[in-house]
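Structural description and commentary
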Amino acid sequence: MIASRLAGFGTTIFTEMSALAEQTGAINLGQGFPDEDGPRAVLEAAHAAIRDGHNQYAPLPGVPALREAIAEHQQRFYGIELDPATQVQVTMGATEAIAAAILALAEPGDDVLAFDPSYDSYSAAAKMTGANFVPIPLNPPDFTFDELKATPNARILLVNSPHNPTGRVFTREELQRIADFVIEHDLIAITDEVYEHLVFDGLEHIPLSTLPGMAERTLSISSLGKTFSVTGWKVGWATGPAPLVAAVRTAKQFLTFAGATPFQHAGAAALRLPTHFYTDFAAELQAKRDHLCDALSQFTVARPQGTYFANVDVGADATEFARELPHRAGVVAIPTAVFSTDRERLKPYLRFAFCKRLSVIDEAAARLHALES
């Protein structure tokens, strides 16, 4: 029998919808992973690492070459200076980094605040720690937040921008409000920035740690998976002040210790790709977004500013709609409400993933147009 603290974290609708896609032959726009491999140079770097014998345990902090490349990346894109030895920790994906951070920094009974809807591992990590998950609603249709309120036991604020599942990119003004709130209540900020390079329409990703007073209280998390279309490699990292990174390292050593050694070596090559790779990839993904969102014109679309996902108000119970959609149109999507503690508030919204080949997006679009007629 599952422990009571993890009650409610059983089989998810992702399992149900993926099974429906297989049964019906529907196009699966439910789960957020690309259907194409990443850049050839990055894949070749992984092959080379395997051939060169990088197949045993990596050091607990991560392969030195990758830690140095992560520090270079933060300097190159954001002007953030990091010591690779003490301010960078490599993890098994961003999900492990988030779990290790909450395990290391929250006490049982502490409150972990996060914007809602949210990536589902946030609440699970809080529960595993014995902490309380406290949602801050993002309100449709624009998914903006109202007043920020601290609870008496508030310890951590989780910030995900670009935001999954809504596709919001927080503005500098919004981030300043968040920073002021964190400083006023002496919180630790944990930022999930895995979609940092997948930003559209000329908008900018601004790391929270770059705002005044935030460098010393922000733990920043990202990964290779989304930027380089290698989600199966599970290579992530946490960066920030040495004491916060050391805390993550303490917890991480008893989770996986180390792994994905050849992929860590390849990650160093990935992060050093020329800047045009990043801008070109974001432009390609924006085109896919536009193809899908334009095809959903019969609905109200919250056109995303970043990430892999578009949310659509279908004007009905989206969970039931999602269960019918594979049969009616041959397309699978996920109800946005499954990412929320207040499912009624997001009841009419469906989340579609557009991180697929353009031909697949266009075929899904054609099927969705047929649904309208």
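Residues numbered from 1 in each chain as written. Predicted model: local features only at pLDDT ≥ 70, side-chain atom pairs only at ≥ 80, totals over all residues. Heavy atoms only, no water.

Next up on the list: the UniProt feature "domain: Aminotransferase class I/classII large" (unreviewed entry) in the chain. With numbering matched to this structure, UniProt assigns "domain: Aminotransferase class I/classII large" (unreviewed entry) to residues 26-368. Annotation note: span residues 26-368, helix share 38%, strand share 17%, distance between end C-alpha atoms 12 Å. (UniProt positions renumbered as here; feature names shortened; annotations may be inferred. Helix = DSSP H or I, 4+ residues; strand = E, 2+ residues; numbered from the N terminus.)

The biggest cluster of nonpolar side chains holds 98 residues, and the ones touching the most others in it are Leu-224, Phe-228, Leu-271, Leu-325, Leu-350 and Phe-352. Of all the elements, helix α4 (residues 93-105) adds the most residues to this core, at eight residues. There are two domains that each give this core at least three residues, and those are domain 1 (4-38 + 276-371) and domain 2 (40-273). In this view, Phe-352 contacts Leu-29, Leu-292, Leu-296, Tyr-308, Phe-309, Ala-310, Val-312, Leu-325, Val-331, Ala-333 and Leu-368; residues no more than four positions away in its chain are not counted. The next biggest cluster of nonpolar side chains, apart from the first, holds 26 residues, and it includes Phe-145, Leu-157, Ala-179 and Ala-189. (Core = buried A, V, L, I, M, F, W, Y, C linked by side-chain atoms within 4.5 Å. Buried < 20%, exposed > 50% of the residue type's maximum accessible area, 1.4 Å probe, protein only. Domains from an automatic or database assignment. Contact = heavy atoms within 4.5 Å.)

Turning our attention to the pattern of salt bridges. Summed over the entire model, instances satisfying the criterion amount to 17 salt bridges. Measuring nitrogen to oxygen at the nearest pair gives 2.8 Å for the salt bridge that ties Arg-289 to Asp-290. Given a relative accessible area of 2%, Arg-289 falls into the buried group. Counted as one network, the salt bridges with shared partners bring together Asp-201, Arg-289, Asp-290, Asp-294 and Arg-303. (Salt bridge = Lys/Arg side-chain N within 4 Å of Asp/Glu carboxyl O.)

Relative to the elements of secondary structure, Asn-164 occurs in the loop between β5 (154-160) and α6 (172-184). Separated by 2.9 Å, the side chains of Asn-164 and Arg-351 make a polar contact. Residues within four places of Asn-164 in sequence aside, it is in contact with Pro-117, Ser-118, Tyr-119, Tyr-195, Thr-307, Phe-309 and Arg-351. (Polar contact = N/O pair within 3.5 Å; in protein donor to acceptor, adjacent residues only side chain to side chain.)

Here strand β3 (residues 111-116) pairs with strand β4 (residues 132-137) via six bridges, running parallel. Counted as the bridge partner of Ala-114 is Pro-135 from β4. (Pairing = 2+ DSSP bridges.)

Quick look at the packing of aromatic side chains now. In this structure the tally under the stated criterion is 17 aromatic pairs. Considering the side-chain rings of Phe-145 and Phe-170, the 5.8 Å spacing of their centres and the 70° angle between planes classify their relative orientation as edge-to-face. Of the two residues, Phe-145 is situated in the loop between β4 and β5 and Phe-170 in the loop between β5 and α6; the sequence distance between them amounts to 25 residues. Note on Phe-228 and Phe-277: the rings are 5.4 Å apart at their centroids and 5° apart in plane angle, and the pair reads as stacked. Here Phe-228 is found in helix α7 (residues 225-228), whereas its partner Phe-277 is found in helix α10 (residues 275-295), with 49 residues between them in sequence. The same class applies to Phe-228 and to Phe-277, which are both buried. Connected via pairs of aromatic rings, a cluster forms that spans Phe-77, Tyr-78, Phe-228, Phe-277, Tyr-278 and Phe-281. The residue whose ring lies beneath Arg-351 is Phe-309, and the NZ or CZ to ring-centre distance is 3.6 Å. The lysine or arginine in question, Lys-356, covers the ring of Phe-33, its NZ or CZ lying 4.0 Å from the ring centre. (Phe/Tyr/Trp six-rings, centres within 6.5 Å; stacked < 30°, edge-to-face > 60°. Lys NZ or Arg CZ within 6 Å of the ring centre and 35° of its normal.)

The seven strands are arranged β2-β8-β7-β6-β5-β3-β4 in an open sheet whose pairing can be described as mixed. If you trace the sheet from one side to the other, it starts and ends with β2 (88-91) and β4, each paired once. Adjacent strand axes in the sheet meet at a mean angle of 20° when their direction is disregarded. Of the strand pairs in this sheet, β5 and strand β6 (residues 188-192) are connected by five bridges, and their pairing is parallel. The partner of Leu-157 across the bridge, within β6, is Ala-189. On the sheet, α6 packs against β3, β5 and β6 and is oriented at approximately 165° with respect to β5. (Axes fitted to C-alpha atoms, helices over the stretch in contact; angles between N-to-C directions.)

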